[in-house]
Amino acid sequence: MKDIKDCLCSEPPEQLTLDFIYGNIECKNGDDKRFYPLDGQQRLTTLWLVYWYVSFKSGKLSKDSEQLKKFTYETRRSSRDFCIALCDKVDSAKGINDNESIVDYIKSQTWFYSAWLQDPTISAMLHTLGGEGDNNIEKIFEQCNFSGLRDKLINPASNPIQFELMIIGGEKLPISDDLYIKMNARGKPLTNFENFKADLVACIQDPENSERPKFDEEKDVVPPLSYSQYFPVQIDNAWTDVFWNYAKKRKGF
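Residues numbered from 1 in each chain as written. Predicted model: local features only at pLDDT ≥ 70, side-chain atom pairs only at ≥ 80, totals over all residues. Heavy atoms only, no water.

A. Quick look at the packing of helix α2 (residues 41-57) against helix α8 (residues 146-154). For the pair α2 and α8, interaxial distance at closest approach is 8 Å and the crossing angle is 135°. By the angle between their directions, the pair α2 and α8 is classed as oblique. Read as a crossing pair, α2 and α8 show a hand that is left-handed. On α8, the residues touching Tyr51, Tyr53, Val54 and Lys57 of α2 are Phe146, Leu149, Arg150, Leu153 and Ile154. Partitioning the contact of α2 with α8 into residue classes produces seven nonpolar, no polar and two charged. (Axes fitted to C-alpha atoms, helices over the stretch in contact; angles between N-to-C directions. Helix = DSSP H or I, 4+ residues; strand = E, 2+ residues; numbered from the N terminus. Parallel < 35°, antiparallel > 145°, perpendicular 65-115°, else oblique. Left-handed = near helix turned anticlockwise from the far one by under 90°. Contact = heavy atoms within 4.5 Å. Nonpolar A, V, L, I, M, F, W, Y, C, P; charged D, E, K, R; others polar.)

Structure, rendered in structure tokens:
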């Protein structure tokens, strides 16, 4: 979250890469293309909430609502309705009282159903907006120039926040049963190996790492990637396949 804020508040805005987002693109109603993420939903939701909050605080929510409503949830009706309500039923012109948090403001609205608090997606979104502690959008984006942040977010020329889109079944990521098995396992607690990978990738991508310049060097691959981008996708795919294939042989698959 802080990385997103630092990226948007820098002058000129720095570019932030949210790594790889996996999913499928499907066409509905003719040429209406929709992207369905299989992995990366949390990062996309966080980015959407930042956009919503900045739009709300800048008083431009009514202007941005149609664009924001293009983001939705397919699995839970309550999550989908909540996202639509944030866009259609919140009046940013009224603002929030000085002693009122964004979460209390949302929960006090007449359109907010108390049953929504039982939806884990909605609870997580509220926590991201203004949960306990300092690692939430409301705390991190305190005293910002929200009009300026909004301009940076919607300006295609600045394009400060990016991610590498990986289409499952495409040329970069051929579809396989193994892929679904590995991705479906993400709902389980992380193994020691997964925690090690996360720590190692964080170390490589840490801007304060004294050896960061060598990790920013591009690898001779297509498309060109810095090593800090190349390493995560390799360890999550090609290199992990070494252990994956070994485990299958060991189990007799």
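B. Spatial organisation of unusual backbone geometry. Unusually for a residue other than glycine, Gln143 sits at a positive phi of about 55°. Summarising the element assignment, Gln143 is placed in the loop between α7 (137-140) and α8.

C. Just the pattern of salt bridges, in detail. Tallied over the entire structure, the rule returns six salt bridges. Here Lys69 makes a salt bridge to Glu66, at a shortest N to O gap of 3.1 Å. On the basis of relative accessibility, which here comes to 28%, the residue Lys69 falls in the partly exposed class. Taking relative accessible area as the criterion, Glu66 reaches 54% and is therefore assigned exposed. (Salt bridge = Lys/Arg side-chain N within 4 Å of Asp/Glu carboxyl O. Buried < 20%, exposed > 50% of the residue type's maximum accessible area, 1.4 Å probe, protein only.)

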